[in-house]
Amino acid sequence: MKYRTLGKTGFQVSAISYGASPLGGGFGTIDESEGIRSVQYSLDNGINLFDTSPLYGITRSETILGKALNGVPRDSYYLCSKVGRYGPADFDFSVDTVTQSV
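Note that this is a predicted model, so its numbers are computed, not measured. One numbering rule holds for all chains: residues counted from 1, following each sequence as written. Two thresholds apply to this predicted model, a pLDDT of at least 70 for residue-level local features and 80 or more for giving and counting side-chain atom pairs, whereas whole-chain, interface and lining totals are computed over all residues. Hydrogens and waters are ignored; side-chain quantities use all the structure's heavy atoms.

Undergrad: In this structure, what is going on with a nonpolar patch on the surface? I would like to understand it.
TA: Each patch is assembled from residues with relative accessible area greater than 30% and no salt bridge, linking like charges that lie within 9 Å and nonpolar side chains (Val, Leu, Ile, Met, Phe, Trp, Tyr) that lie within 5 Å. All accessible areas in this document rest on Shrake-Rupley with a 1.4 Å probe, and a residue is counted as covered only by the protein chains that are shown. By definition, a salt bridge exists where a carboxyl oxygen of Asp or Glu is found within 4 Å of a side-chain nitrogen of Lys or Arg. On the surface, M1, Y3 and I16 cluster together to form a nonpolar patch covering roughly 290 Å² of accessible area. Turning to its location among the elements, I16 is positioned in the loop between β2 (12–14) and β3 (18–19). The numbering of helices and of strands both runs from the N terminus, where a helix is a DSSP run of H or I of at least 4 residues and a strand a run of E of at least 2.

Undergrad: How do you make sense of helix α1 (residues 32–44) when you look at a structure like this?
TA: Because the α-helix completes a turn every 3.6 residues, residues three or four places apart line up on one side. Its 13 residues give α1 an end-to-end C-alpha distance of 18 Å, which sits within 8% of 18 Å, the value for a rise of 1.5 Å per residue. For each residue, the accessible area found with a 1.4 Å probe, counting protein chains only, is set against the maximum for its type, and the residue is called buried under 20%, exposed over 50%, and partly exposed in between. The set of residues buried in α1 consists of G35, I36, V39, S42 and L43. Within α1, the buried residues cover an arc of 120° as seen down the axis, which keeps them to one side. Opposite its buried face, α1 presents the exposed residues Y41 and D44, each directed more than 90 degrees away. G46 lies just past α1 and shows a positive phi near 95°. The span one expects for a helix is its residue count, reduced by one, times 1.5 Å. The arc in question is traced by the directions running from the helix axis to the C-beta atoms.

Undergrad: For this particular structure, what's the right way to read the sheet that holds strand β5 (residues 78–81)?
TA: Working definition: the strands of a sheet are paired by backbone hydrogen bonds and lie parallel or antiparallel to each other. Read across the sheet, three strands follow the order β3-β4-β5 without closing on themselves; strand pairing throughout is parallel. Where the open sheet ends on each side, the last strands, each with one partner, are β3 and β5. If DSSP finds at least two bridges between two strands, the strands pair. Relative to β5, strand β4 (residues 49–52) runs parallel, the two being bridged by four bridges. Note on β5: the bridge partner recorded for F50 is L79. For this analysis, residues touch if any pair of their heavy atoms sits within 4.5 Å. Helix axes are fitted only over the stretch in contact, all axes being lines through C-alpha atoms; the angle between N-to-C directions runs from 0 to 180 degrees. Together, β4 and β5 form the strand contacts of helix α2 (residues 60–69), whose direction differs from that of β4 by roughly 155°.

Undergrad: Even after reading the chapter, I still don't get the packing of α1 against α2, so can you show me in this structure?
TA: Each packed pair of helices is defined by two parameters, the angle between the axes and the distance between the axes. Their axes nearest at 9 Å, the elements α1 and α2 cross at an angle of 55°. Regarding the angle of α1 to α2, the classification is oblique. α1 and α2 meet at a crossing whose hand is right-handed. The segment α1 lies against α2, with E32, G35, I36, V39, Q40 and L43 engaging R60, I64, L65, K67, A68 and L69. Considered class by class, the residues forming the contact of α1 with α2 number seven nonpolar, two polar and three charged. Any angle that falls under 35 degrees is termed roughly parallel, while one over 145 is termed roughly antiparallel, one within 65 to 115 roughly perpendicular, and all others oblique. By the definition used in this description, the sense in which the near helix is turned from the far one sets the handedness, with an anticlockwise turn below a right angle giving left-handed and a clockwise turn giving right-handed. Just so you know the grouping, Ala, Val, Leu, Ile, Met, Phe, Trp, Tyr, Cys and Pro go in nonpolar, Asp, Glu, Lys and Arg go in charged, and all remaining residues, Gly too, go in polar.

Okay, here's the thing in structure tokens:
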């Protein structure tokens, strides 16, 4: 796997990221255990950057990704998420909502 520095952060992230929208059912129903296996396969092959959102399956993606990453050393991967979008037309970027999501 090739790695690149993410901006000025110094983080070395994989050139390929794992887009977790399918875990939320964005492209059809997914078996949770298969989703977890796909995350573990990605980790085993050097992917350390995971992209998710509360919009993906109304937090299902984040829930399955969390299960898959349970027990994986936290300093061995990076999470990207989008806050504030909770449905196709449901946007809430208020401080209260965003800090509750963290």
